[in-house]
Amino acid sequence: MGDSASGKIYLRDYKPFGFLIDKVDLVFTLSPNATRVKSRISFFPNPAADDSGFFLHGENLKLVSAKIDCIDVQVNVSEKGLTCDVPDGPFVWEAEVEINPAENTALEGLYMSNGMYCTQCEAEGFRKITYYPDRPDVMAPFSVRIEGGEKTMLSNGNPGTAGNGFVEWNDPWPKPAYLFALVAGDLVNHPGTYTTKSGRNVDLNIWVRHGDEGKCAFAMESLVKSMQWDEDVYGREYDLDVFNIVAVDDFNMGAMENKGLNVFNSSCVLASPETSTDENFERIEAIIAHEYFHNWTGNRITCRDWFQLSLKEGLTVFRDSQFTGDVRSGPVKRVSDAITLRSIQFREDSGPLAHPVRPESFIEINNFYTATVYIKGAELVGMLKTLVGCENYHKALDLYFNRHDGRAATIEDWLKVFEDTTGRDLSQFKLWYSQAGTPRLKVTDEHVDNTYILTFEQNTPPTPGQDVKEPMVVPIAVGLMDTNGEEIMGTRVLEMTEARQSFSFQDVRERPVPSILREFSAPVIVERETTDEERLLLLAHDTDPFSKWEAGRSLAEKNLAAMIVDRAPPEAGFLNAMHSMACDDSLDPAFRALALKLPTQDGMSQILHDRGITPDPQAIWAALETLHHAMAERMRDIAPRLYEKHQVSLPYKPDTEQSGARALANAVLTLITRMDGGKLAKSQYEGADNMTQQLAAFACLLQTDCAMPYAKRFYDQWSGDRLVIDKWFAYQVLHSPPDQATAVAKRLTDHPDFNMKNPNRFRAVLGSLSMNTAGFHVASGSGYRLYADWLLKLDPLNPQTAARMCSAFSTWKRHDDKRQSQIREQLKRIQDVPTLSVDMREMTDRILNA
């Protein structure tokens, strides 16, 4: 299935596996260096398959024995798996293998984390546990017996028999191997319960290391809230007797939705007011929801092959965004999602790593757990909901659950339920799944005889392997304002299907101000010649929160571009608008905090590049500093009052109201610090009773003369808390001046608490360096060299994390010749390593050769 020379796998080559599985029985005898795994798998021929060849995936396994129907068999073992002759009818395969969890630093398969046994099997980790058809379309019920001396031994499903030194688990629901999980260690649980609408009592547990028990309550509240929401909004009940979550320190991702046994990066489940910020709490709430929602959109219905990954991830991201919008602020969540999409996914779409939501090929599937698959995939679900309406959306989802429960589905299956529900032809909409790149909508308008006409032209730039793009279906939410700021037409969704298309609005007596792409109704870039007067009017009066925010962001981008390119001063109109918006108590404080944030360095770099201007990272940083100072000066009269007004005197809660107040107060604190040199930030740091306030003050102080003393104080206070120390590492790099960022990162990699084998700690230092844009792209090239040095050190240990972080180099063609040469040199240096992982080689090839 694919190109054997390049190792590339193609969607077009999909073939069903030659056998189906009736049942899987596994026995684990745990030992750090020599775990034994016995498997007993009941196979029978797949009538839908053309190929009856018997191949089982397996990597880094020591085969002890292999039998079919209790008789020893000869097998042919390769680096990727084994083959052997099998009967024509049903048969039972039995194998015993030995694996070494303690030496598994890649954190795929079964590995050790601080003395705890843990698994990560998505996407292709199960093949490092035993021989098996490790593909998502092979589904079966699993029974697991775990033998060992561990206090807690967990697996998927419901608990079965337990005795001295063993436990058994039975999962009645068919699942692919990537959803298998096992955890064993000296753990304690934070218990809870939930009763479903149909009356099923479910035992809930969050399992953690000793000492972390006091940081589980919020995660449990979030889990219960998620279960209730999924019943109320989607009609989906939980289907087992227990739901377990385990917090693990060493984990490549955020969390994993294994059936009945979710495994979480500790940073995504442990929280307390003293050690976690409001953003941490909201992120934990969302990730708990995301993984729980996978029980139906990912587990009960999974994806046929990894090309369909967005079928489960895009849909589940959309559902967790809905959830957050419902339990917190819908408008703030929508603006936040748009910011994330533009900063991460638009960047991906515009560079050498661009790929469709459903890729046509890959070499290493771990390299396609991307913003395009997840975030853009979620936007496609949102567009479908906009196009068919809320009622039809839920009818289609009910049909999807009923039709495909227990199956491995495709994007075609997903779209078919909408076609069958609504009678629409979605063949053109399907292009969103197959065409890479971000569409650009050029907008012109005219007003003739009381008729207002909006004309849109869509164009999607070429991306690797796709030079010509077809027009797509684009839902464009539009409203109209008059020149006094009154709304004369509420939101109306225009359905664009042509390359060029006009829409007319009757009985419009004067030329209106259009509010285009309300609610960020499609993941596109709108290009329209407009005036500052129109932007200011929309910022002041638009009834749509996203369009209001967008008007302010557009003003900021225009001002910054002029400052960078033409050395223009900060514009008084923009500064006055920010002043008025910050004072507007009719606006959510969290919205105002978002609106006060200026565009990122990386975002401005992309904007200049799109305009044919070679970005200068140092000039961008300097312009942002100048504009921040100008904002601080303009806010001088109101900043102290705003700060005081939004102090929270009540006991800490990470709820919407308190979080919004703290967000605005801390946004204002960053401005005040530029005027008072950190005096107020010191006061906040000293008096803080929660991490949100302490860390916000710490960030401000890191940009003053007292950076080093407060860095030491912060470390001395929190050296015993690994997640807080991750923040300590990250903030020092993120908030370093560009000419010091590389040196700070280098110093921190020499710190005794730096552990490159822990993904959280590695990302805290090196990931933060790549996000300090001017520091990473410092003219000497030292940032590139240090980053490449550490990727080369990490790759032999954890190729998945190293390869994903390699994407920091993906913008290299934006930059001047010198920086391009420097980045190319580092990428070539990485590629010259003979033992480079497949993961890294694919990423560097794509970055260099697109």
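Let us now look at the packing of aromatic side chains. Geometry of an aromatic ring pair is reported as the spacing of the ring centres plus the angle between the planes. Under the counting rule described, the total for this entry stands at 51 aromatic pairs. Centroid distance phenylalanine 19 to phenylalanine 43: 6.3 Å. Interplanar angle 80 degrees. Geometry classified as edge-to-face. Taken together, the positions of phenylalanine 19 in strand E2 (residues 19-29) and phenylalanine 43 in strand E3 (residues 35-45) put the pair 24 residues apart, joining distant regions of the chain. Seen in terms of ring centroids, phenylalanine 520 and phenylalanine 546 are 5.2 Å apart; in terms of plane orientation they differ by 50 degrees. Their pairing is tilted. With phenylalanine 520 in the loop between strand E30 (513-516) and strand E31 (525-528) and phenylalanine 546 in helix H10 (residues 545-566), the pair connects residues that are 26 residues apart, well separated along the chain. Note on accessibility: phenylalanine 520 and phenylalanine 546 belong to one class, buried. When the ring centre of tryptophan 296 is taken as origin, the NZ or CZ atom of arginine 236, which lies over that ring, is 4.7 Å away. The ring of tyrosine 14 carries arginine 304 above its face, with NZ or CZ at 3.7 Å from the centroid.

The element strand E19 (residues 242-248) is largely enclosed, with a buried count of seven among its seven residues. Burial along E19 is two-sided: the residues Val242, Asn244, Val246 and Val248 and Phe243, Ile245 and Ala247 are all buried. Strand direction decides the pairing type here: strand E18 (residues 201-209) and E19, joined by five bridges, are parallel. Residue pairing in the sheet places leucine 204 in a bridge with phenylalanine 243 of E19. In the classification by handedness, the crossover that spans E18, the intervening helix H1 (residues 217-234) and the parallel E19 is left-handed.

Turning to the sheet that holds strand E17 (residues 187-195), a few remarks are in order. Spatially, the five strands line up as an open sheet ordered E17-E18-E19-E21-E20, and their pairing is mixed. One side of each edge strand has no neighbouring strand; the edge strands of this open sheet are E17 and strand E20 (255-256). Bridging between E17 and E18 involves nine bridges; their strand directions are antiparallel. Paired with glycine 192 across the bridge in E18 is leucine 204.

Next up on the list: the pattern of salt bridges. As enumerated under the stated definition, the model contains 62 salt bridges in all. Residue aspartate 750 pairs with lysine 746 through a salt bridge whose shortest N-O separation is 3.5 Å. Here the salt bridges share partners, and the residues they tie into one network are Glu122, Glu257, Lys312 and Glu313.

Attention now moves to the nonpolar core. Counting 202 residues, the largest nonpolar core has Tyr400, Trp414, Phe418, Phe429, Phe456 and Phe809 as its most contacted members. What phenylalanine 809 contacts, discounting residues up to four positions off in sequence, is Phe776, Tyr784, Tyr787, Ala788, Leu791, Ile823, Gln826, Leu827, Ile830 and Ile847. Within the second largest apolar cluster, 72 residues are counted, among which are Ile41, Trp207, Phe251 and Val263.

Another aspect to go through is the environment of serine 329. The topology assignment puts serine 329 in the loop between helix H3 (309-327) and helix H4 (330-349). The class of serine 329 is buried, set by a relative accessible area of 14%. Between the C-alpha atoms of serine 329 and leucine 608, which are 279 residues apart in sequence, the distance is 32 Å. Discounting residues that sit within four places of it in the chain, serine 329 has contacts with Thr324, Asp588 and Thr656. Engagement of the side chain of serine 329 in a polar contact is seen with the backbone nitrogen of valine 332, the distance being 3.3 Å.

We now examine the environment of threonine 531. You can see threonine 531 is positioned in the loop between E31 and helix H9 (532-541). Along the primary structure threonine 531 and leucine 555 are separated by 24 residues, whereas in three dimensions their C-alpha atoms are 9.5 Å apart. Side-chain polar atoms of threonine 531 contact the backbone nitrogen of glutamate 534, separated by 3.1 Å.

Okay, the side chain of arginine 127 next. Looking at where arginine 127 falls in the secondary structure, it is placed in the loop between strand E11 (116-120) and strand E12 (140-147). Look past the residues within four positions of arginine 127 in its chain and what remains in contact with it is His57, Gly58, Glu59, Leu61 and Asp134.

The sheet built from four strands is open, its strands ordered E10-E11-E16-E13 with antiparallel pairing. Looking at strand neighbours, the two that pair on one side only are strand E10 (109-113) and strand E13 (152-155), the edges of this open sheet. Across the sheet, the axes of successive neighbouring strands diverge by a mean angle of 15 degrees, strand direction being ignored. By the bridge criterion, five bridges tie E10 to E11 in an arrangement that is antiparallel. The residue of E11 that forms the bridge with methionine 112 is tyrosine 117.

Turning our eyes to something else, we now look at helix H17 (residues 679-687). Spacing of three or four residues puts side chains on the same side of an α-helix, whose turn is 3.6 residues. Those residues of H17 that fall on the buried side of the exposure criterion are Leu680, Ala681, Gln684 and Tyr685. Viewed end-on, H17 has its buried residues packed into an arc of 140 degrees, placing them on one side of the element. Structural note: H17 exposes Lys679 and Gly687 on the side pointing more than 90 degrees away from its buried face. Packed against the buried residues of H17 are helix H15 (639-645), helix H16 (656-676), helix H18 (691-701) and helix H19 (707-718).

This brings us to the packing of helix H11 (residues 572-583) against helix H12 (residues 589-596). Following both chains from N to C, one finds H11 and H12 inclined at 165 degrees, their axes separated by 9 Å at the closest point. With respect to H12, the element H11 is oriented roughly antiparallel. In this structure, the crossing between H11 and H12 has a hand that is left-handed. Residues Met578, Met581, Ala582 and Cys583 of H11 lie in contact with H12, whose contacting residues are Arg592, Ala595 and Leu596.

Turning our eyes to something else, we now look at the side chain of threonine 196. Positionally, threonine 196 belongs in the loop between E17 and E18. The buried category is assigned to threonine 196, whose relative accessible area is 4%. Aside from chain neighbours lying at most four places away, what touches threonine 196 is Val202, Glu231, Glu237 and Tyr238.

So, about unusual backbone geometry. Glutamate 122 connects to alanine 123 through a cis peptide bond whose omega is 5 degrees. Structurally, alanine 123 can be placed in the loop between E11 and E12. Unlike most non-glycine residues, asparagine 60 shows phi in positive territory, near 60 degrees. Inspection of the secondary structure puts asparagine 60 in the loop between strand E4 (55-57) and strand E5 (62-68). On the accessibility criterion, asparagine 60 (66% relative accessible area) is exposed.

A separate point is the environment of valine 778. Here valine 778 lies in the loop between helix H23 (773-776) and helix H24 (782-794). When its relative accessible area of 18% is taken as the criterion, valine 778 is described as buried. Considering only alpha carbons, one finds valine 778 and proline 738, 40 residues apart in sequence, at a separation of 6.6 Å. Beyond its immediate sequence surroundings of up to four residues, valine 778 is in contact with Pro738, Thr742, Gly783 and Arg819.

Cut-offs used in this document
Chains are numbered independently. Their residues run from 1 in the order of the written sequence. Note on the predicted model: pLDDT of at least 70 is required for a residue's local features to be given, and 80 or more for side-chain atom pairs to be given and counted; whole-chain, interface and lining totals, by contrast, use all residues. To obtain the side-chain values, all non-hydrogen atoms of the structure were included, while hydrogens and water were left out. Here the aromatic set is Phe, Tyr and Trp, taking the six-membered ring for Trp, and pairing holds for ring centres within 6.5 Å; pairs whose planes are under 30 degrees apart are stacked, those over 60 apart are edge-to-face, and all others are tilted. Elements are defined by DSSP. Helices are runs of H or I of four residues or more, strands are runs of E of two residues or more, and each kind is numbered from the N terminus. Burial classes: relative accessible area under 20% of the type maximum marks a residue as buried, over 50% as exposed, and values in between as partly exposed (1.4 Å probe, protein chains only). Charge over a ring is defined by NZ of Lys or CZ of Arg lying within 6 Å of the ring centre and within 35 degrees of the ring normal. Strands are labelled as partners when DSSP assigns at least two bridges between them. For the handedness criterion, the strands are oriented away from the viewer, and a crossover whose path from the first strand over the helix to the second runs clockwise is classed as right-handed. What makes a salt bridge here is a side-chain nitrogen of Lys or Arg within 4 Å of a carboxyl oxygen of Asp or Glu, nothing more. Definition of nonpolar core: a set of buried residues of the types Ala, Val, Leu, Ile, Met, Phe, Trp, Tyr and Cys, connected through side-chain atoms within 4.5 Å. Should any heavy atoms of two residues lie within 4.5 Å, those residues are counted as being in contact. Here a polar contact is taken to be a pair of N or O atoms separated by no more than 3.5 Å, where protein atoms must pair a possible hydrogen donor with a possible acceptor and residues adjacent in sequence count only if both atoms sit in side chains. Every axis corresponds to a line fitted to the C-alpha atoms, with the helix fit spanning only the stretch in contact, and the corresponding angles, defined between N-to-C directions, vary from 0 to 180 degrees. Here the arc refers to the directions that run from the helix axis out to each C-beta atom. An angle below 35 degrees is read as roughly parallel, one above 145 as roughly antiparallel, one from 65 to 115 as roughly perpendicular, and any other as oblique. By convention the crossing between two helices is left-handed if the near helix lies anticlockwise of the far one by an angle smaller than a right angle, and right-handed if it lies clockwise.

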